[in-house]
Amino acid sequence: MLFDYTPKLKYDIIIMDRNKELARMFDTLADALEFLGENPFKIRAYRKVARFLESFPEDIQKFYEEHGIEGLKSLPGVGEKIALKIEEYLKTGTFQKYEEVKSKVPDGILELLQIPGIGPKTIKKAYDELGVRNLEDLERVIESGELARLRGMGPKKVENIKKSIELYFKMQDRIPLGEIYPFVESLRKWLAESEYVEAIEVCGSYRRRKETVGDIDILCISTHGHKVIDKFVNHPDVTRVLAHGDTKGSCIFNDRIQVDLRVVPRESFGAALQYFTGSKQHNVHLRTIAKQMGFKISEYGVFKDNVKVAGEKEEEVYGILGLDFIPPELREDRGEIEAAMEHKLPRLIERKDIKGDLHVHSKYSDGTATLEELAQKAIEMGYEYISVCDHSRSVKYAGGLTIEKLREKNREIERINEKYGKKILLKGAEVDILQDGTLDYPDEVLKELDFVIAAIHIWSKYEDVTERIIKALRNPYVHSIAHPTGRLIGKREPYNVDIEKILHVEKEEGKFIEINANYERLDLNDVWSKRAKEIGVKLTIGTDAHQIGQMWMIELGVYVARRGWLEKDNVLNTLNSEEILKILKNRR
DNA sequence: GCCGTTTTCGGCCCGACTGTTTTCAGTCG
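This report concerns the structure included in the present document. Residue numbering note: each chain is counted from 1, following its sequence as written. Here every chain gets a letter starting at A, and every ligand a number starting at 1, in the order they are written. Thresholds applied to this predicted model are a pLDDT of at least 70 for local features of residues and 80 or more for the giving and counting of side-chain atom pairs; totals over whole chains, interfaces and linings are not thresholded and use all residues. Working from all heavy atoms in the structure, the side-chain values ignore hydrogens and water.

## A look at the protein's contact with DNA strand B
Contacts to DNA strand B come from 51 residues, most closely from Arg44, Gly117, Thr122, Tyr275 and Lys291. We call a residue near a molecule or strand when any one of its heavy atoms sits within 4 Å of it. Atoms of DNA strand B within 4 Å of the protein: sugar and phosphate make up 79%, bases the balance. Here a polar contact is taken to be a pair of N or O atoms separated by no more than 3.5 Å, where protein atoms must pair a possible hydrogen donor with a possible acceptor and residues adjacent in sequence count only if both atoms sit in side chains. One of the backbone N or O atoms of Lys157 is found 3.3 Å from a phosphate oxygen in DNA strand B. Arg287 places a polar side-chain atom, nitrogen or oxygen, 2.5 Å from a base oxygen of DNA strand B. For helices the rule is a DSSP run of H or I covering at least 4 residues; for strands it is a run of E covering at least 2, with both sets numbered from the N terminus onward. Secondary-structure elements contributing two or more residues to the surface near DNA strand B are α2 (40-54), α4 (80-92), α7 (120-130), α9 (155-170), β5 (238-244), β7 (257-264), α14 (280-292) and β8 (296-298). For the surface near DNA strand B, the element with the most residues is α14, which contributes six residues. Classification used: nonpolar for Ala, Val, Leu, Ile, Met, Phe, Trp, Tyr, Cys and Pro, charged for Asp, Glu, Lys and Arg, polar for all others including Gly. Across the surface near DNA strand B, the residue classes tally to 18 nonpolar, 15 polar and 18 charged.

Laid out in structure tokens, this is it:
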């Protein structure tokens, strides 16, 4: 096994977020209409607004209260009809069209539509001709052979549908980027060993550094496509081959992750790279613009009057349309195309800009590394400093430090810094925000620290923690807030917290907010990070590493920052040791 | 259902692979 996989039970999550719930309703509406055979462009319009809502950082309810129905109509992809539907939802909790269409399609059918490999046409046929209304029915007609006898069906198709169903239950969730990273890098190397591969690049959401990936797209240059694809489908971890052609192969690895490999000639590599990196929304937008300008973009190049005018380099694809090169992390159709047109893209922060890790645990609390080991790791990684933020005294389960223990640790930090002749370790703490919003150490103790990051670790399910966090931010000794929403990707929803409100208090108090770079957290996420930048709040990036071996995840934090349009100046720990210490001191 | 530097109507990205076909439909990304 290249990575561990524990099957997860399907469960319904409580959706507190109106934007997400509304997005889900539009998606369901689109699914249902697809089944009913409605105009595909109308369906696309619903999906488009669903994608928009998912990444819209403002609460749609508040937006509506402030800007009214005209405001809604100004949003991309929202016209008269959809604006009315949103308004109706905000007032009543649902909208008529949704209820009406949903009532025409059995819930079991809606679930079947989620299974990749079985589309609306097939499901409709099975429904009309065999009365299939849910998964159970479908499995029954597969076994009885009835499905295979339908026109257009056959034994192979049915076999594939059967396998798709099996796989659907194994591949429920997207995989966190940080979890799949080592696997993808090893696969990339393994493929690159082939004498027929001239160049190779991983594309898709992986290249865009999205927080989770659904599948992996790999692109390579070769003049012997079938040889490369042959090698690929014969990888020892392949458990199912979905496609095996001359330019495209598609496999499931370890019954868990789909990997698609495409082979293109050198002269098309840039265009293919652009195309397979996506996102879908970005590409549709880009192609629409190209078309208006008289170009046609495909994965083979950019064409004008059937003459190829660009394609070998990705930069050319954007360049020929008059756009600046758009870094993959920005390609979500969140305004990057317009910005590239006006030459106003941000100059994104890079990994090398990071001068230190601001959130690392040591053996003093629940980490495994000694302070000496952390200091050495800092040097190995080229850092100027690491802020050692162990837990505070109330967090008993994580070995929270008593005041005496904290002071003992501070003395050891001083000894180590003296030995290295510089402040390589900062005296830090991840201080708990208690139930009443006060902090877990008194001010006179916090005063002795270089960097204080406050965090919530204990909360009750329906509690709104916003005021607790705001109270903590008002404390003059707090610098930043750790993992501000508390979400764990795919495992735990955020706690009930109003980040927009918190960001405004942050701005007022001149405080910072964390991008926690742990692969399960990535918290703040990209969308909120972008919002922080807009409001004018700087961010701190920390790995929350509990072992030395987790400190590489700072990369993941940088990816979130890049996806959030952040520049070097938006992140505190791009400053050198002297600058950062001065600022941390002055913020009190 | 949205949208406008061709447009308030008529477009809406484009191609590979598979399985069933004998010229194409379905699905995916």
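## Observations concerning the side chain of Arg521
As for its position among the elements, Arg521 is in the loop between β16 (513-516) and α22 (526-535). In this analysis, two residues are considered to be in contact whenever any of their non-hydrogen atoms come within 4.5 Å of each other. Leaving out residues up to four positions away in the same chain, Arg521 has contacts with His483, Gly486, Arg487, Leu488, Ile489, Arg492, Asn516 and Asp544.

## Structural notes on the sheet that holds β8
Where strands meet in a sheet, backbone hydrogen bonds hold them as pairs that are either parallel or antiparallel. Within the open sheet, the three strands sit side by side as β8-β9-β10. Their pairing is antiparallel. The sheet is open, and its two borders are formed by β8 and β10 (307-310), each paired with just one other strand. Strand-to-strand twist of the sheet, defined as the mean angle between neighbouring strand axes without regard to direction, takes the value 40°. A pair of strands is considered paired only if DSSP assigns at least 2 bridges between the two. As paired elements, β8 and strand β9 (residues 301-304) share three bridges and run antiparallel to each other. Note that in β9 the partner of Ser298 across the bridge is Gly301. What counts as an axis is a line fitted to C-alpha atoms, over the stretch in contact for a helix, and the angles between N-to-C directions run from 0 to 180 degrees.

## Structural notes on the sheet that holds strand β15 (residues 480-481)
What the five strands build is an open sheet, ordered β11-β12-β13-β14-β15; its pairing is parallel. Two strands in the sheet have a free side with no partner beyond their single neighbour: β11 (356-360) and β15. The pairing of strand β14 (residues 451-455) with β15 spans two bridges and is parallel. Across the sheet, residue Ala454 finds its bridge partner in β15, namely Ile481. Helix-sheet contacts for helix α18 (residues 403-420) involve β12 (385-391) and β13 (425-432), and the interaxial angle to β13 is about 160°.

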